[in-house]
Amino acid sequence: MKISKFSLKVPNAQAEDCEIAGVVEEVDKKLIDMISKKQTPYKSLLICSGGTTSRCASKGSITLDLRKNHKKIMFDRNTNEVCIESGVIMKDLINNISKENRSFPIGLSGITGVGYILTGGISPLSRLYGLAIDQVLEINGFWANGNRFFLKKPNTLSSQKQNFEWRALLGASPFLGIVTSLRLKTYRMVSIYKWEAIVKPRELSLAIKYAENWPDYASLFWIWGDKIKVTVVIETDNEKDLEILNELSSIKNSRLVKLRGIQELNKSEESNKKISYKRKHAEVIGLLGGAYKNHVNDLIMSLEKLMLERPDKGCYLAAQQLGGMTSHIKKESTSFIHREAIWKPWITGSWPAGNKNERLKSLDWMKEAWKLFKPNCPGIHLAQLHPHLDWHKEEIQRAYEDWLPKLQQMKSTYDPEGILPPL
């Protein structure tokens, strides 16, 4: 095991700017032996699979960077399943299996790593296929006590211990262990239609109301920065299914394109990103909750006022629609317990790198946004971890609720030295 004394190059500026203690790039016998014998030369270990989160690195910590040496993708044509190592990013996964005419519910960004799957994995296709963690068939790696695990999706013959371990790793693995590989289910690739428009707040309210009654093959995503952009993703081989877009016909200057599959949706979203000439740091908190129904107008009016007060142009709000298949899976199957959720809003606070005053302003703005969403979206999606922020305890409680005590008990067993993030 070699600990390199160099900075970590990742897509997250805040993580990249941390004064880390070093980087490890191999999950090898020496690393695992040191963990097993409690002889690690560091107090905390953070894991980087894609590098998009602010907590893939922190001051004084060692980062286990999986991106260089754990990138294998192996597709099985007999089963249409794919095995990936934990340094694979979603863009490479979807591009690889699309050559086999297969698909997987990746998110809107292709640069996220396996952490996207292990923390839940919300996709524009989730309403049709479920979350990314719902596609996991096998999971391999090492607990933070050094013991190896090799788990298959539980069945009626599985023990309670096997069920608990499986559930914990799918949605809470960043606190418990190092995942080295996953075996995943894939799906037949189907055409995707993407409808998008720049809208006014009133039109956003209408789109949300309509979307809450759509069939599972359609999903709404919106993002609110300088402008409000609404995107509808429809996966279908039948153009008649596009008739639901008639409800949005009053919205002018919309655009509809047909894509071969979600891998092209991903490419188009990545190409739309603006170049920033100022280095920014940011935090993101993801929420989960039910349908807005008749309360959506009041929410959008409140958000409109909040957006006028944002302290930085990089602060924005967004939301992805859930429901459908995600709600048909028992909440006891994974650590993603908010199976009733219809929406995942997320709040992004941004500030100039190194500016402490602006950082506090943006974090306060995030808290105000959270207050507005909280009555309808009390749950938390832990796609990003915040042990360094004062809301960490609350977000952990809201993410896992009555499952948390069991997770904490397992944490004491599988990570007795607390080398992974605190739970």
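Before any of the text, the structure's been laid out above.
The paragraphs below set out a description of the structure included in this document. (Residues numbered from 1 in each chain as written. Predicted model: local features only at pLDDT ≥ 70, side-chain atom pairs only at ≥ 80, totals over all residues. Heavy atoms only, no water.)

1. Some details on the overall build of the chain
In step 1: When you go through the chain residue by residue, the secondary structure sums to 12 helices and 18 strands.
In step 2: Here the chain has a C-alpha radius of gyration of 21 Å; the compact-globule value for 423 residues is 22 Å, and the two agree.
In step 3: Principal-axis analysis of the C-alpha atoms places the extent of the chain at approximately 65 × 55 × 40 Å.
In step 4: Split into buried and exposed, the 423 residues of the chain put 57% on the buried side.
In step 5: Residue pairs at least 24 apart in sequence account for 72% of intrachain contacts in the chain once pairs closer than 6 positions are excluded.
In step 6: If you sum the accessible surface of the chain, you get close to 18900 Å²; carbon and sulfur atoms cover 49% of it.
In step 7: Within the chain, one finds 62 positive and 47 negative side-chain charges whose respective centroids are separated by 3 Å. (Helix = DSSP H or I, 4+ residues; strand = E, 2+ residues; numbered from the N terminus. Rg over C-alpha atoms; globule rule 2.2 N^0.38 Å. Buried < 20%, exposed > 50% of the residue type's maximum accessible area, 1.4 Å probe, protein only. Contact = heavy atoms within 4.5 Å. Areas by Shrake-Rupley, 256 points an atom, 1.4 Å probe, with all protein chains shown as cover. Lys, Arg positive; Asp, Glu negative; His and termini not counted. Charge placed at Lys NZ, Arg CZ, Asp CG, Glu CD.)

2. Let's talk about helix 2 (residues 29–36)
In step 1: When helix 2 is considered as a whole, its buried residues turn out to be Leu31, Ile32, Met34 and Ile35. Down the axis of helix 2, the sector holding all buried residues measures 160 degrees, keeping them to one side.
In step 2: Lining the buried residues of helix 2 we find strand 3 (62–65), strand 7 (136–143) and strand 9 (177–185).
In step 3: Looking one or two residues beyond helix 2, the residue adopting positive phi is Lys38, at roughly 55 degrees. (Arc of directions from axis to C-beta.)

3. Considerations on the packing of aromatic side chains
In step 1: Under the definition given, this model contains 9 aromatic pairs.
In step 2: Their ring planes at 70 degrees and their centres at 6.4 Å tell us that Trp222 and Trp224 sit as a pair that is edge-to-face. For the pair shown, Trp222 and Trp224 are each scored as buried.
In step 3: Aromatic side chains Trp370 and Trp391 sit 6.0 Å apart centroid to centroid with 85 degrees between the ring planes, which places their arrangement in the edge-to-face category. With a gap of 21 residues between them, Trp370 in helix 10 (residues 356–373) and Trp391 in the loop between strand 18 (379–381) and helix 11 (392–400) connect regions that are remote in the sequence. As far as burial versus exposure is concerned, Trp370 and Trp391 are alike and both buried.
In step 4: In this structure, Arg167 is placed above the aromatic ring of Trp403, and the distance from its NZ or CZ to the ring centre is 3.8 Å.
In step 5: Just above the ring of Trp370 sits the side chain of Lys374; from NZ or CZ to the centre is 4.6 Å. (Phe/Tyr/Trp six-rings, centres within 6.5 Å; stacked < 30°, edge-to-face > 60°. Lys NZ or Arg CZ within 6 Å of the ring centre and 35° of its normal.)

4. Side note on the nonpolar core
In step 1: One finds Ile117, Ile139, Leu182, Trp222, Leu317, Ile347 and Tyr400 to be the most contacted residues of the largest nonpolar core, which totals 105 residues.
In step 2: Setting aside residues up to four positions removed in sequence, Leu182 forms contacts with Val82, Cys83, Ile84, Val114, Ile117, Leu118, Val136, Glu138 and Ile139.
In step 3: One finds Leu31, Ile32, Leu64 and Ile178 within the second-largest nonpolar core, a separate group that totals 14 residues. (Core = buried A, V, L, I, M, F, W, Y, C linked by side-chain atoms within 4.5 Å.)

5. A word on unusual backbone geometry
In step 1: A positive phi angle, close to 60 degrees, is found at Asn253, a residue other than glycine.
In step 2: Structurally, Asn253 is set in the loop between strand 13 (228–235) and strand 14 (255–259).
In step 3: Of note, the phi angle at Glu401 is positive, near 50 degrees, even though the residue is not glycine.
In step 4: Relative to the elements of secondary structure, Glu401 occurs in the loop between helix 11 and helix 12 (404–414).
In step 5: We classify Glu401 as partly exposed; its relative accessible area is 36%.

6. What about the pairing of strand 16 (residues 316–321)?
In step 1: Buried residues dominate strand 16, accounting for 5 of its 6 residues.
In step 2: Here 4 bridges tie strand 12 (residues 218–224) to strand 16, and the two strands are oriented antiparallel to one another. Within strand 16, the position partnered with Ile223 by the bridge is Ala318.
In step 3: Looking at chain direction, strand 16 and strand 17 (residues 343–352) are connected through 6 bridges and run antiparallel. Its bridge partner being in strand 17, Tyr316 is matched across the sheet by Thr348. (Pairing = 2+ DSSP bridges.)

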